[in-house]
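# Structural overview
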2 protein chains.
Amino acid sequence: MKLYDGGRAPNPRRVRVFLAEKGIEVPLVPVDMGALGHKAPEVEALNPLMRLPVLVLDDGTVLTESVAICRYFEELHPEPALFGTGALGRARVEMWQRRMEFHLMMPVAQAFRHIHPAMKEWEVPQIAEWGEANKPKALEFLAIFDRELGSRSFVAGDEFSIADITGMIAIDFMKPARLAVPEECTNVLRWYEAVKARPSAEA
Amino acid sequence: MKLYDGGRAPNPRRVRVFLAEKGIEVPLVPVDMGALGHKAPEVEALNPLMRLPVLVLDDGTVLTESVAICRYFEELHPEPALFGTGALGRARVEMWQRRMEFHLMMPVAQAFRHIHPAMKEWEVPQIAEWGEANKPKALEFLAIFDRELGSRSFVAGDEFSIADITGMIAIDFMKPARLAVPEECTNVLRWYEAVKARPSAEA
C-alpha cells in the first residue's frame with residue numbers, strides 16, 4: 001500500500017491527520033504540487049482527475065478522494081471512530097463534515113484560488129470577483145458555527161471526528177486566503193486551539 | 001419523523017430517489033422553494049443555513065445535508081446497500097459519489113446559478129464569467145466518466161448506489177443549465193437511460 005501525498009495542500013493533509021489520529025502508518029510517495037507534480041503522467045495514470053491524495057493498494061486498486069480514503073481506513077480500523085457511531089452519530093458526522101466542506105473549506109478555497117497570484121496557472125480563468133464573493137460566505141458560516149459550538153466540545157458532538165479535521169484545515173487555509181476568524185467567534189477560536197493542540201495537527 | 005422537501009430542486013430529489021430505492025416512506029412537508037420558502041423562519045429555525053431537505057425525527061432531532069440524511073436511512077435499513085458493501089466497496093462508492101458531486105453536480109449547479117436569469121435573487125452577485133468557466137469543467141469530467149463507465153454497469157461498480165442517484169440528478173440538472181451530454185459519450189448515455197428507467201427516477 002502507498003499513499004501519493006501532496007505536502008501542504010489541504011486534501012492530502014486531511015488524510016495524514018486522519019491516519020495520525022488512527023495511529024496508522026502508510027508509506028508516502030511525496031509529490032511536489034508546487035512543481036505541478038500532480039499533473040505528471042504517473043499521477044494521471046492513477047487519477048485521471050489529476051488530484052491528490054491517491055491511495056494505491058498492494059493489488060493495484062486505486063482510491064482517490066480524501067474522504068473516501070479515510071473511510072476505507074475507518075472500515076478496516078474502526079477505533080477510534082472518526083466517522084461517528086450509531087445511525088444518528090454517523091449521520092451527524094456526515095452532516096457536519098459536509099457543512100465544513102461546503103460552507104467553510106470550499107469558500108475559503110475559492111477565495112484563495114481566484115485571488116492569490118500564485119494560483120494564476122492553477123485556476124484558469126482566475127475571477128477575482130468570484131473570489132471576493134466567497135469571503136462573506138465563509139464568514140457568515142463561521143458565525144453560525146460559533147453559535148452551534150457553544151453547546152459542545154467538537155464539531156459534530158462531544159467526540160472528535162473527521163469533521164474536526166476538515167474544519168481545522170479549512171481554518172488553517174484561511175491564512176493564505178487572507179481571511180481570519182473574527183474575534184467575536186470565541187467558541188470557534190476555543191475549539192480551533194483545542195484541535196490544533198492535538199499531536200495529529202502536525203501531520 | 002418528517003422530511004421538509006423542496007420539490008424539483010436537486011438535493012431534495014436525491015433523498016426522495018434514495019428513499020424510493022430503499023422502499024421507505026417518510027411523510028413530506030412540502031416547501032415552495034420558488035417562493036423562497038426555504039428562507040422562511042420555520043425552516044431557518046431547523047437549519048440556520050436555510051437549505052433543504054431537512055429531516056426532523058420524532059424527538060425533534062434535526063438532520064440536514066442530503067447525503068447525511070441518506071446515510072441515516074442506510075444505517076437503519078441496510079438493504080439494499082446504496083453506500084456499498086465491504087471496506088473497499090464503501091470507499092469506492094464514497095469516491096464516486098464525491099467525484100459526481102464535485103466534478104459534475106457542482107459545475108452544473110454553478111453554471112445554472114450564475115447564468116440563469118431566474119437565479120438572480122438566489123446567487124448574489126451572479127457572475128456570468130464564473131458560470132461559463134464551469135461548463136467546460138462539467139464536459140471534461142463527462143469525457144473521463146465515459147471512459148470509466150465502459151467497463152461496468154453503474155457509477156461505482158456493478159451495483160447501483162447513491163453515486164448513480166447523484167449522477168442522474170446532475171445530468172437532469174444540465175438541461176436548465178443549458179448543457180448537454182456530448183453524443184460521443186455513449187457509455188454515459190447508455191448508463192443514464194438505464195438509471196432513468198428505474199421507477200425511483202420518478203420520485
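What counts and what doesn't
- Residues numbered from 1 in each chain as written.
- Chains lettered and ligands numbered in written order.
- Predicted model: local features only at pLDDT ≥ 70, side-chain atom pairs only at ≥ 80, totals over all residues.
- Helix = DSSP H or I, 4+ residues; strand = E, 2+ residues; numbered from the N terminus.
- Rg over C-alpha atoms; globule rule 2.2 N^0.38 Å.
- Contact = placed C-beta atoms within 7 Å.
- Pairing = 2+ DSSP bridges.
- Axes fitted to C-alpha atoms, helices over the stretch in contact; angles between N-to-C directions.
- Nonpolar A, V, L, I, M, F, W, Y, C, P; charged D, E, K, R; others polar.
- Domains from an automatic or database assignment.
- Core = buried A, V, L, I, M, F, W, Y, C linked by C-beta atoms within 7 Å.
- Buried ≥ 20, exposed ≤ 12 C-beta atoms within 10 Å, placed from the backbone.
- Expected span 1.5 Å × (residues − 1).
- Bend = angle between axes of the 7 residues up to and from the residue.
- Least-squares fit on C-alpha atoms with pLDDT ≥ 70 in both.

Looking only at helices and strands, one finds seven helices and four strands in chain A. When the helices and strands of chain A are placed in sequence order, the string is β-α-β-α-β-β-α-α-α-α-α. In terms of overall dimensions, chain A is globule-like: its C-alpha atoms have a radius of gyration of 17 Å, near the 17 Å expected for 203 residues. Its C-alpha atoms give chain A principal-axis dimensions of roughly 45 × 45 × 25 Å. Contacts spanning at least 24 positions in sequence make up 64% of the contacts within chain A whose residues lie at least 6 apart.

Residues and elements named next belong to chain B. Taken in spatial order, the four strands line up as β2-β1-β3-β4 in an open sheet, and their pairing is mixed. Because the sheet does not close on itself, it has two edges, and the strands there are β2 (28–30) and β4 (62–64). Taking each pair of neighbouring strands and ignoring which way they run, the sheet shows an average axis angle of 20 degrees. Direction of pairing for strand β1 (residues 2–5) relative to strand β3 (residues 54–56): antiparallel, over a ladder of three bridges. What sits directly across from L3, in β3, is L55.

Contact residues are listed per partner, giving 27 residues for chain A and 27 residues for chain B. At the level of elements, β4 (62–64), α3 (66–76), α4 (86–115) and α5 (128–149) of chain A are the ones that each hand at least two residues to the side of chain A that touches chain B. Across the side of chain A that touches chain B, the residue classes tally to 16 nonpolar, three polar and eight charged.

Here we come to the domain arrangement of chain A. Residue and element names in this part refer to chain A. Here chain A is described as being made up of domain 1 (2–76) and domain 2 (86–202). Once you take the C-alpha centre of each, domain 1 and domain 2 turn out to be 21 Å apart. Contact residues are listed per partner, giving eight residues for domain 1 and nine residues for domain 2. Looking at the side of domain 1 that touches domain 2, the element that brings in the most residues is helix α1 (residues 10–22), giving seven residues. For the side of domain 1 that touches domain 2, the per-class residue count stands at five nonpolar, no polar and three charged.

Looking now at the nonpolar core. Core analysis: the biggest nonpolar cluster contains 102 residues, and A:V108, A:F173, B:V108 and B:F173 have the highest contact counts within it. The residues contacting A:V108, other than those within four sequence positions of it, are A:A138, A:A170, A:F173, A:M174, A:A177 and A:L179.

This part takes up α4(A). All names here are of chain A. An ideal rise of 1.5 Å per residue puts 44 Å on 30 residues; α4 measures up with 42 Å between its terminal C-alpha atoms. Most pronounced at M105, the bend in α4 amounts to some 35 degrees, and the proline P107 follows within four residues. With 22 of 30 residues buried, α4 is to be regarded as a mostly interior element.

Here we take up the relation of the copies chain A and chain B. Structural alignment of chain A on chain B gives an RMSD of 0.0 Å, achieved by rotating through 180 degrees and translating 0.0 Å along the axis. Taken together, the rotation and translation relating the two chain copies correspond to the operation of a two-fold axis. Among all residues of chain A, the one whose C-alpha sits closest to the rotation axis is A:W130, at a distance of 3.5 Å. Same-surface contact between copies: 100% of interface residues of chain A are shared with the interface of chain B.

We now examine the sheet that holds β4(A). For sheets, the rule is that strands pair by backbone hydrogen bonds, running either parallel or antiparallel. Residues and elements named next belong to chain A. Strand order in the open sheet made by the four strands is β2-β1-β3-β4, with mixed pairing throughout. Lying at the two open borders of the sheet, with one neighbouring strand each, are β2 (28–30) and β4. The average undirected angle you get between the axes of adjacent strands in this sheet is 20 degrees. Pairing analysis gives three bridges linking strand β1 (residues 2–5) to β2, with the strands arranged parallel. Looking at β2, one finds that D5 is bridged to P30.

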